[in-house]
Amino acid sequence: MKDSAYKDHLGRPIVAVTGVGIITSLGQGLKDNWSALTAGTSGIHAINRFPTEGLSTRIAGTVDFIDIPVANAVERSYAFARETTIEALADAGISGDFDGPLFLAAPPIEPEWSARFELADRSPPADHAGDAYDRFLAAMRQRPDAAFHEASLFGAISERLADRFGTRGLPVTLSTACASGATAIQLGIEAIRQGRTLRALAVATDGSVSAEALIRFSLLSALSTQNDPPTKASKPFSKDRDGFVIAEGAATLVLESLEAAVARGAKILGIMKGAGEKADSFHRTRSSPDGGPAIATIRAALADAGMGEGDIGYINAHGTSTPENDKMEYASMLAVFGERMASIPLSSNKSMIGHTLTAAGAVEAVFSLQTMLTGTLPPTINYTNPDPSIVIDVVPNKKRESQVSAVLSNSFGFGGQNASLVMALEPA
């Protein structure tokens, strides 16, 4: 193969995906997840991790089948990331030290209420040790608690992954809200394009569902309160949508320069053609109603890929099922794709797995690659009451067989964090 075949339209190394791993509420591993997703199965269920009496939302897409030594968000997020990375490296045929950088999207987690209350109970009285922070420190010095300490370390997950898999350099931990998974992939793409490495690990994980998380999102009126039945709550682009369903999961992608992957005989799952991101300063949680930053994000991803609007055959939508976000995303896509928008098939994986927050961009990238590889478009379930103001083909309720060669995946998050990825099949 000529050297030019390994370069993109801007003369940069083409970035291939050679291995993936995934965990969602549908199960562990790509095989089980894809089978359930294309069958229209929902992983949303009643919460049993903590009491939900008095809460307006009592459902989630929690992952409760992975063993963890201590029940906190750090251990859950690390365990999910560890398992998906094991799967991805095996899929890529890589053993031993990975010898490339690690880019991890992880939730901005804190010790949960129960742990903080326990620490407060054994802290010295306020009149003996100053303010609450000083009391907490005194209690920790008096009786060190390794589990509590680990639960408070945001960067501990990436350090443990780096040690476990032998990545190179300082592991990068990032948090760009719901766009985090896509951002981790983008950082891996850029590292390879810039010639800083031949391979990179992009990992995104989120095991942060707790009572506190539920209450915080409920105060924003962001969560669905349609608790019965849980499987019907997430209904993206439907007229009666009322919020997203919080969920957990993780995904890992092994990224390599196409030239290096071909040289070692790796199978190519797909090509990361382009990535785009734009910030939105409109509001700390709400997206700009005119969709300007989201429009710019999609266009930036297409330009980075060297592709036009007519090249995209399928869209993996952000599709959260919140009234405002779904409307904004539709308007943004309509501005970019125009009259084609009504005929481009589009799915929201969140209708089945819920919103995996920090992990969403990477989870949906894995499903996007699988869509191209299998020629199967996953459905958007619970689509029985279409929103007449959103005219799109959501692949309603049942999968569809259709071969597509290029996919756009959107991730539009709180805090004005917007990212889009363009993926394609391996070039001939």
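These numbers come from a predicted model, not from an experiment.

1. Things to note about a nonpolar patch on the surface
Thinking step 1. Taken together, the side chains of Trp113, Phe117, Ile215 and Leu219 present a nonpolar region at the surface, about 430 Å² in accessible area.
Thinking step 2. At the level of secondary structure, the elements contributing two or more residues to the nonpolar patch comprise helix 3 (113-121) and helix 9 (211-219).
Thinking step 3. Note on placement: Leu219 falls in helix 9.

2. What to know about unusual backbone geometry
Thinking step 1. Of note, the amide linkage connecting Asp228 to Pro229 takes the cis form, showing an omega dihedral of -5°.
Thinking step 2. Phi is positive for Val395, which is not a glycine, with a value near 50°.
Thinking step 3. If you trace the backbone, Val395 turns up in the loop between strand 12 (376-377) and strand 13 (400-401).
Thinking step 4. Its relative accessible area of 1% is what places Val395 among the buried residues.
Thinking step 5. Positive phi is not limited to glycine here, since Asn397 has a value of about 70°.

3. Considering helix 11 (residues 292-305)
For an α-helix, 3.6 residues make a turn, and residues three or four places apart therefore share a direction.
Thinking step 1. Over its 14 residues, helix 11 runs 20 Å from end to end, which matches the ideal 20 Å to within 8%, given 1.5 Å per residue.
Thinking step 2. Taken residue by residue, helix 11 has Pro293, Ala294, Ile295, Thr297, Ile298, Ala301, Leu302, Asp304 and Ala305 as its buried positions.
Thinking step 3. Next to the buried residues of helix 11 lie helix 8 (180-193), strand 9 (270-279), helix 12 (323-337), strand 14 (406-413) and strand 15 (417-424).
Thinking step 4. Just downstream of helix 11 lies Gly306, where phi reads positive at about 70°.

4. What about the layout of surface pockets?
Thinking step 1. The volume enclosed by the largest pocket comes to roughly 650 Å³.
Thinking step 2. For the lining of the largest pocket, the leading source of residues is helix 9, giving 4 residues.
Thinking step 3. Per-class residue counts for the lining of the largest pocket are 12 nonpolar, 7 polar and 6 charged.

5. Notes on the nonpolar core
Thinking step 1. With 47 residues, the main nonpolar core has Val17, Val20, Ile185, Leu253, Leu255, Met272 and Leu421 as its most contacted residues.
Thinking step 2. It is helix 14 (residues 360-374) that provides the largest number of residues to this core, a total of 7 residues.
Thinking step 3. If we ignore the near neighbours within four places in the chain, the residues touching Val20 are Leu30, Glu87, Ala88, Asp91, Thr252, Leu253, Leu269, Val366 and Leu369.
Thinking step 4. Core analysis: the second largest hydrophobic core is formed by 27 residues, Leu302, Ala305, Met333 and Val394 among them.

Rules behind the numbers
Residues numbered from 1 in each chain as written. Predicted model: local features only at pLDDT ≥ 70, side-chain atom pairs only at ≥ 80, totals over all residues. Heavy atoms only, no water. Patch = residues over 30% accessible without salt bridge, like charges linked within 9 Å, V, L, I, M, F, W, Y side chains within 5 Å. Areas by Shrake-Rupley, 256 points an atom, 1.4 Å probe, with all protein chains shown as cover. Salt bridge = Lys/Arg side-chain N within 4 Å of Asp/Glu carboxyl O. Helix = DSSP H or I, 4+ residues; strand = E, 2+ residues; numbered from the N terminus. Buried < 20%, exposed > 50% of the residue type's maximum accessible area, 1.4 Å probe, protein only. Expected span 1.5 Å × (residues − 1). Contact = heavy atoms within 4.5 Å. 1 Å grid on protein atoms, 1.4 Å probe; cavity = no way out; pocket = protein on both sides within 12 Å on 5 of 7 lines; lining within 4 Å. Points joined across faces, edges and corners; volume = space filled by probe spheres on them. Nonpolar A, V, L, I, M, F, W, Y, C, P; charged D, E, K, R; others polar. Core = buried A, V, L, I, M, F, W, Y, C linked by side-chain atoms within 4.5 Å.

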